[in-house]
Amino acid sequence: MTLISYRQALHDTLRTELLRDEDVLLLGEEIGVFEGSYKITAGLLTEFGPRRVRDTPICEEGFVGTAIGAAMLGLRPVVEIMTINFSLLAIDQIVNHAAKMHSMFGGQVRVPLVIRTPGGGGQQLAATHSQNLEVWYAHVPGLKVLAPATPADAKGLLSAAIRDDDPVLLLENLALYNTKGEVPDGDHTLGIGTATVMKPGTDITVIAYSRAAVVALDVARRLDEDGISVEVVDLRSLRPLDRDTICASVRKTSRAVVLEDDWLSYGVGAEIVATLAEGAFDYLDAPVRRVAAAEVPLPYAKPLELAALPDATALTRAIRDTLDATRFAGQEDHR
Amino acid sequence: MTLISYRQALHDTLRTELLRDEDVLLLGEEIGVFEGSYKITAGLLTEFGPRRVRDTPICEEGFVGTAIGAAMLGLRPVVEIMTINFSLLAIDQIVNHAAKMHSMFGGQVRVPLVIRTPGGGGQQLAATHSQNLEVWYAHVPGLKVLAPATPADAKGLLSAAIRDDDPVLLLENLALYNTKGEVPDGDHTLGIGTATVMKPGTDITVIAYSRAAVVALDVARRLDEDGISVEVVDLRSLRPLDRDTICASVRKTSRAVVLEDDWLSYGVGAEIVATLAEGAFDYLDAPVRRVAAAEVPLPYAKPLELAALPDATALTRAIRDTLDATRFAGQEDHR
Amino acid sequence: MVDPTSAPASGPVATRGPTPSEDAEVLSGYYWQMTLIRLFEQRAAEMYTKAKIGGYCHLNLGEEATVVGLMAALRPTDYLFTTYREHGYALARGAEPARVMAELFGRATGLSGGRGGSMHLFDTQHRLLGGYGIVGGQIPPATGAALAVAYRHEPGRDCDAVMCLLGDAATNIGAFHESLNLAAVWRLPIVYVIVNNQLGMGTPVEAAAGEPELYRRGCSYRIPGQRVDGNDVIAVREAAREALDKARTEHQPMLLETVSYRLRGHSVVDPARYRSDADNQRLRELDPLPAFRARLIDEGALDAQDAARIDAEAEQTVAAAVDAADHAPAPDVDSLFDHVYATPVANTYRGRPGDPVVTP
Amino acid sequence: MVDPTSAPASGPVATRGPTPSEDAEVLSGYYWQMTLIRLFEQRAAEMYTKAKIGGYCHLNLGEEATVVGLMAALRPTDYLFTTYREHGYALARGAEPARVMAELFGRATGLSGGRGGSMHLFDTQHRLLGGYGIVGGQIPPATGAALAVAYRHEPGRDCDAVMCLLGDAATNIGAFHESLNLAAVWRLPIVYVIVNNQLGMGTPVEAAAGEPELYRRGCSYRIPGQRVDGNDVIAVREAAREALDKARTEHQPMLLETVSYRLRGHSVVDPARYRSDADNQRLRELDPLPAFRARLIDEGALDAQDAARIDAEAEQTVAAAVDAADHAPAPDVDSLFDHVYATPVANTYRGRPGDPVVTP
Ligand SMILES: Cc1ncc(C[n+]2csc(CCOP(=O)(O)OP(=O)(O)O)c2C)c(N)n1
Ligand SMILES: Cc1ncc(C[n+]2csc(CCOP(=O)(O)OP(=O)(O)O)c2C)c(N)n1
Ligand SMILES: [Mg+2]
Ligand SMILES: [Mg+2]
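One numbering rule holds for all chains: residues counted from 1, following each sequence as written. For this description, chains carry letters from A and ligands carry numbers from 1, given in the order in which they are written. Only residues with pLDDT of 70 or above have their local features reported here, since the model is predicted, and side-chain atom pairs are shown and tallied only from 80 upward, although totals for entire chains, interfaces and linings are computed over all residues. For side-chain calculations, the full set of non-hydrogen atoms in the structure is used, while hydrogens and water are omitted.

Student: Tell me about the sheet that holds strand β6 (residues 144–146) of chain B, residues and numbers included.
Tutor: Residues and elements named next belong to chain B. When DSSP finds two or more bridges between a pair of strands, those strands are recorded as paired. The way it works is that DSSP assigns letters per residue, a run of H or I at least four long becomes a helix, a run of E at least two long becomes a strand, and they are numbered from the N terminus. With mixed pairing, the seven strands of this open sheet are ordered in space as β3-β2-β4-β5-β7-β6-β12. Looking at strand neighbours, the two that pair on one side only are β3 (53–55) and β12 (237–239), the edges of this open sheet. Averaged over all pairs of adjacent strands, the angle between their axes in this sheet comes to 20°, without regard to strand direction. Two strands pair when backbone bridges link them, and β6 and strand β7 (residues 168–173) are joined in this way by three bridges, in the parallel orientation. Considered in β7, the bridge of Leu146 is made with Leu170. Axis definition: a line fitted to C-alpha atoms, over the contacting stretch in the case of helices. Angles run 0 to 180 degrees between N-to-C directions.

Student: Which residues make up the pattern of salt bridges, and what values do they have?
Tutor: In what follows, salt bridge is the name for a side-chain nitrogen of Lys or Arg lying within 4 Å of a carboxyl oxygen of Asp or Glu. Counted under the stated rule, the structure contains 98 salt bridges over all chains. Among the salt bridges present, the one from Asp164 of chain B reaches Lys144 of chain B, with a minimum N-O distance of 2.9 Å. Taken together, the positions of Asp164 of chain B in the loop between α6 (151–163) and β7 and Lys144 of chain B in strand β6 put the pair 20 residues apart, joining distant regions of the chain. Each residue is placed in one exposure class: buried if its accessible area under a 1.4 Å probe, protein chains only, is under 20% of its type's maximum, exposed if it is over 50%, and partly exposed if it falls in between. Overall, Asp164 of chain B belongs to the buried group, its relative accessible area being 4%. A relative accessible area of 0% means that Lys144 of chain B is categorised as buried. In this structure, Arg222 of chain B engages Asp218 of chain B in a salt bridge whose closest nitrogen and oxygen atoms are separated by 3.0 Å. Placement of the pair is Arg222 of chain B and Asp218 of chain B together in helix α7 (residues 210–225), with a separation of four residues, close to one helical turn. For Asp218 of chain B, a relative accessible area of 39% gives the class partly exposed. Each of the salt bridges in this network shares a partner with another, and the network as a whole consists of Glu17, Arg20, Arg163 and Asp187 of chain A.

Student: An account of the site of ligand 1 is requested, with residue identities and associated values reported.
Tutor: A single heavy atom is enough: if one lies within 4 Å of a molecule or strand, its residue is considered near that molecule or strand. Neighbouring ligand 1 are 21 residues, the closest being Glu60 of chain B together with Tyr84, Arg85, Gly133 and Leu199 of chain C. Ligand 1 is flanked by residues contributed from chains B and C. Nitrogen and oxygen atoms within 3.5 Å of one another constitute a polar contact, given that in protein one can donate a hydrogen and the other can accept it, and given that sequence-neighbouring residues count only through two side-chain atoms. Within the backbone of Ala170 of chain C, one N or O atom sits 3.2 Å away from an oxygen atom of ligand 1. Take Leu199 of chain C: an N or O atom from its main chain is 2.8 Å from an oxygen atom of ligand 1. What sets the accessible areas is the Shrake-Rupley method with a 1.4 Å probe; for residues, cover comes only from the shown protein chains. Burial of ligand 1 by the surrounding chains reaches 96%, relative to a free accessible area of 580 Å². Classes in brief: Ala, Val, Leu, Ile, Met, Phe, Trp, Tyr, Cys and Pro nonpolar; Asp, Glu, Lys and Arg charged; the others, Gly included, polar. Across the shell around ligand 1, the residue classes break down as 11 nonpolar, six polar and four charged.

Student: Quick one: what's the story with the pairing of strand β2 (residues 162–167) of chain C, residue by residue and with numbers?
Tutor: All names here are of chain C. With five of six residues buried, β2 lies mostly within the body of the structure. Taken together, the three bridges between strand β1 (residues 79–81) and β2 define a ladder with parallel strand orientation. Pairing of Phe81 across the sheet is with Cys164, part of β2. Two strands pair when backbone bridges link them, and β2 and strand β3 (residues 190–196) are joined in this way by six bridges, in the parallel orientation. Considered in β3, the bridge of Leu165 is made with Val193.

So far we have only geometry, and geometry alone does not tell us how the molecule works.
What follows is the structure in C-alpha cells.
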C-alpha cells in the first residue's frame, strides 16, 4: 500500500497498462504536449511517444469514433474526454455505435474501449462545464459505467476497464483529483459491477458514488461522534448496478438517503430509490430522501453555485430528518 | 370535436401556427419536398414556400443549433428531428446551449424553440433506430419535455410548445401516428407541466406516457371487464413532472405500476417510483412495479424485438401480481 | 487525381472503357456479380411487400457497377465500412447470398445473427465491418480502423487499407469533416468513397452541399479527390485501386466520388413521388446493367447465351437464398441477452418486461 | 478575397498600413481600446490570483489589434457571437468595463448577472450574443441568427450582418463544417472569423488541421476566405468590413482569418511550459500594443503625451471597474431559480439540495 492521490493513481495505472500491453494507446485533447488538462497523463508522451499517446484535434465525435474503430481491430484505446460536458459531442458514437456493435452485429466484433472523463461542479465553471450526466450513460445497455471514489478504486477500476472487452465509461471528478488514499501496490483490478460498503453502520444507509461517496463517508464519520451509526455504500459501478448490496444494507438499517451530484429529477438517485422501494419495501421505516443538485443550469457566482450543489450540511440534515421521522418507530432519538 | 389521427393533429397544428404567426417556421430533414419521413409536414412546403418550410441538409447539430440562433432573434422555429435517435448528434446544442442560454446569460435572451421528434421501437428498425431516450432530456433543467399520447393532446401540447418562450422537446411516437381520437376544433392549447387522469379507477394506478399510456388505457378497459378498476395517469409532461397528480392517484389506490417504453434502469419509471416512494410512502400496499424494455440494444428479429419490448401482456401480469401481493391487505381477490 | 493545392479540376467526368487487356472471365465475373445484386435487390423488395422483411430496407438498384467496381479493387485483407445501403457490397465481398437474405429475414443464420437486419450487415470473415444506419456514423470508426492499421503497419504495398463508403448527403455531417481531418493529420491508410446517387432521400446534392462537386470536399484537409463514372465498373475499379494504392503505400487518405443513380425510392417503401415521369424515363436509360451486358456482348467478352446462363444462375442463386432464409430458424428468444456484453460481469440486469427488478 | 473556385491564393499575408486618410482621432480611439483591453486583462489575471475571479479565465492578451479591428468593422446593429475568450470584444463593443469585471467577479451587476462568468458574457444592448464555452458551440447559433436576419431582410446595404468568432482549433470540429455548409446553401449574411492565435491550448495549428492555411477551409462550401495580419488593427478592420459588406449586400457568407499570437497561457492558470524561452522572446517582439503605440507616435497621429494620458486613463478606468465590481452585490441566493425558464409553467421543481421532493 502506498498513499497517493487519485490523480496519481490514474496516472500510474495508465502507465502500467501502457507498459503491460502494446495494444493499449491513449487518445485525447491535450493529453500529450500539454500533459492533460488535469495532468493525468503528465510525462506519458515523453515516455511512450506519439504513437502510444496521441494528441487529437478538437473533435470529440471524431476521435471517440476513431477509438471505437481502432478497438474493433483489437487495439485497446483509452480516450480522455476533457470533461463529461464535452462527451455530448461524442454521444452518438458512444451510445449509437460503441454500445451497440457487439450485439447488433451478432457478437462478431468487440469494442474494448475506455473513456475516461471527469464530471462535477463546484469549480465555478458555470452551466456548460459543471454537469453530472453519467445517468444518461448508465441508462444504456451495452455500456459499463464506473465511478470510483477513492484512489484505490480508481486504480482497480481503471485496470479492470482497460482489460475488459466492452466499452467502459470511467467517470472521474474534478474535486477528487487531489484527494489521497492508500493504494495497493502491484497488479490490482476490481470486479466491475460491484458496490462496496465503505463504512458499516446500523442506523441508516447513505448511498453515493464518486465525490459524493467521499462526502458521505466524511459525514458518516462525523455523525459517529453524535452516536449515529451510518452505513455508507459506494456504488462504484452505475452500470451494472449492484442492487443486492444496496438492498442488503437497507434491509439491515431500514432507512436510507441517497447523495448524488446530479440533478434530482431522473437522476441516479431515482433508480436507487426505485430499487429500494422494491427490494426493501417491507423494511423501510421512512421514505428514502435524495440529496441532489438544485434544478438549475449551474450559475457561475459562488453563492449561487454553493446553494445549488449538495453538500455535507444538506446530507446531514436529510439524515437527521429521516431518523427523526422514524424515532417513534421503536428507535431512540438521534438528535 | 373531430375524429382525426395523431399525425393529422400534428400536421393541422403546424399549419395553424404557421398561419397564425409569421415568426413560426419549420426546419428539418426532408420535411419539404419529401413531405416528411412520417408525412407530418405533407403539403406545407407547397402552401408556405421554402422560406417558412425549410429542408435542411443532414446535419442535426447544425440545423438544431441554427434554429436556436434564429430563436434568439425572435423567430419561433419548429424543428423536426427525424427520430429521437438522431437527436444525439444535436444534443450538445440542445442541452449545452438551448437549455442554458436564458439562465446563463442572466435572462437576457429567450429561446422559443420546439423540437418535434418521434421515439419508440417495435418497427424492426433495430438497435440504433428504436430508442426511447427522452429520460435524458427530462433530466435537464431549462428544457421542457412533453409526450402527448392522444391526438387531442398532440394538438394542445404542440400549440402550447410553439407559443412558449423556452426550448421544448415534444416527443412523438412512431406507433401513435395512425391512432385516432377526438380533437377539439379551433384554438386548443394545454398547460405545460400537467398530467391527466385518462381513466379513473380505484384498485390500482398505472402511470405511463406517450404510446405506453395508450396501451395502459387499453389494458385498463379490458381489466374493467374482470372487475379490476384501474386508474390510468398519463404524464403528458416529463419535465416539469406533475408529482401531485401521480401521488394523489396512488394515495387513493394504494398500488401502482409504471409502464414505460425505455430501458428499466435509470428510465422514466425510476423517477416515478422514487416520487411515489416519497409522496405515497404511507399509502402504498405493495412495491410499485416497472414494466419497461429489456436492457438490450433492440434486436431486429421480430421474436427478439417482441420479447424485449413491454406490452399489454406484461402490464397485465404486473397489475395482477401487484394486486395479488396485496389481496390479504384487506382486499378481495382480483384473479 | 485532383491535387487540391493546385487549381481544382473541372469539366467532364473521366470514364474509362475496358482496356483490351481486360480478361473476359473477369468481365463476365463482374456481370455475374452485378446481376446477382440486381436480382437479389428486386427479390428483397418483393419479400418486403410479403412482410418477410421488416424495418427499413434500402436497395443498391442502379448502383451495381459502383458496388462491383469498388469491391473488385479491394483485397480480401482490406477492411470495408458501409452505410445501410449495403446488401450488394456484402454479396460482392463474398458473403453467402443465403446468409444475407437470412439477415433481412431476421433469422439466426443471418450475417449478423438476425440482430442487425438490412441496415447492419457484418461479416468478420470478409472484413465487412458493418453497415451503419446513422448517417455518417461509420466514418469515424472506419477512420479508427485505419488508425489501427497504421499503428501496426508501415506504409507499403503489403499494408492493408480501409475503404469507407458514404452517401452524397452524408458529406454534410460533422463526422465527415472530423474524420477526414483526423485521417489527414495522422496520415491514415483509408479511402473515403462518396457514393453519389444524386439524392439524400428526396434532397438533391445541390440543395444540400455548398460545394456540390463532392470530390472537391477533401480540400479542407488537403485530401486529393477524384470523381468517376459510377456506372462504369472498370473505371470505378481502376480509380479505387489507384486510391487504395496511395493509401497503402503512402498512408495518404484519399477521396473518391462515384456518380450513379438510384433507380427506385430511398427505401422500398418510398414511392419517390418527388421524381417526374421524365426523371424516371431518364433513369431507365442510365441503368448500368443492360448497358454493361450489351457492351460485353458487343465487345465479344460474353455471348448472349452465356449472359442468359448467368442471368438464370443468378436467379437460381437468389431463389435458393430466399428459400434458405425462409426455412432458417428465428433466433431463440432465450438468446435475448446474448452479446449485450462481450465480457460478462456481476450484476448485469436481465429482466424481461414486467419482471420484478429485485428478487425479494 | 480568395475565390476558392479559382486557384487558391498563397504567399505572404496581406498587411495594410493606416492609409493617409485615416483620422488621428480614430487611431487614438483604437489605441485607447487596445490599451483598455490590455490593462483590463492584466488586471483580470491579477484578480484571479487574488481569488476574486474563479473558474476558467481566458485573456485576449496579444489579440488586442484583432479585437479592436473586428469590432470597428461592425455596426451597432450587427450581431456578434464569440468564444470564451471574449472580455476584449465586450469592452470594444461598448459594454461598461465595470459590468464586465463584475461578471468576472460573479456579481449581480455583471453583464450576465453573475450567472455566466468570464466565458459567458452577454449584452443584449450591444448585440453581443454571447461568449460560449463549448468549442464550436457558438457557430450554429450564430448561423441561425444570420438565418433570422435573412428571414427578415433582403440583401442590401441596410441589412444587418452577423459576425461569428472562433479559434483556430475550433475549425476541426463538426459544428464548423455543418454551419458553414448551411450558411453557403442558404446564403446567410454572416462572417466567420477564425482568430488564429496559433494554438488550441498547447496544440499548434499544423498538428490539428489537415489544411493549416485556415482561411482556405471555406473551400468545401465555396465560401471565400481571406487571411489578414491580426496584429494590424486597420488591416483587420478593412478586411472585416469588406467581408461584412459582402455578407450584407449579397447574403454571401464569408471566412476571415486573423493571425496573431497569444502572449500568455491558454487560461490564466496555464504556465505555458510547452513554450520555449525563445518562443517567449519572439512573442514579446510581436506584441501589437507597443508596436501600434510606436507607429502612431512615429506617424504623428498621437504624441507621447497623449499616449501617456490614454494609458493613465485606461489604468484608471480599469481600477474603477475593479473597485465597482468589488463593491457590487453578489446575486441573492433567493434568486437561484430565476431565469431557468422564460415562461413559467406548472409543477416546476424548485427544491434546494436535501429538500423533500414531495410535500407530504
Ligand atoms: C444522423 C442521421 N440523420 C438522418 C437519418 C435519416 N436518413 C437515413 S438515409 C438518409 C439520406 C442519406 O442520403 P445519402 O447520404 O445520399 O445516402 P443514400 O441513401 O442516397 O445512399 C437520411 C436523411 C439518419 N439515418 N441518420
Ligand atoms: C467541445 C470542447 N472540447 C474541448 C474543450 C476544451 N477547450 C477549451 S478551449 C480549447 C482550445 C481551443 O483553441 P482555439 O479554438 O484555437 O481557441 P483559443 O483558445 O486559442 O482562443 C479546448 C480544447 C471545450 N471547451 N469544448
Ligand atoms: Mg444519396
Ligand atoms: Mg487558438
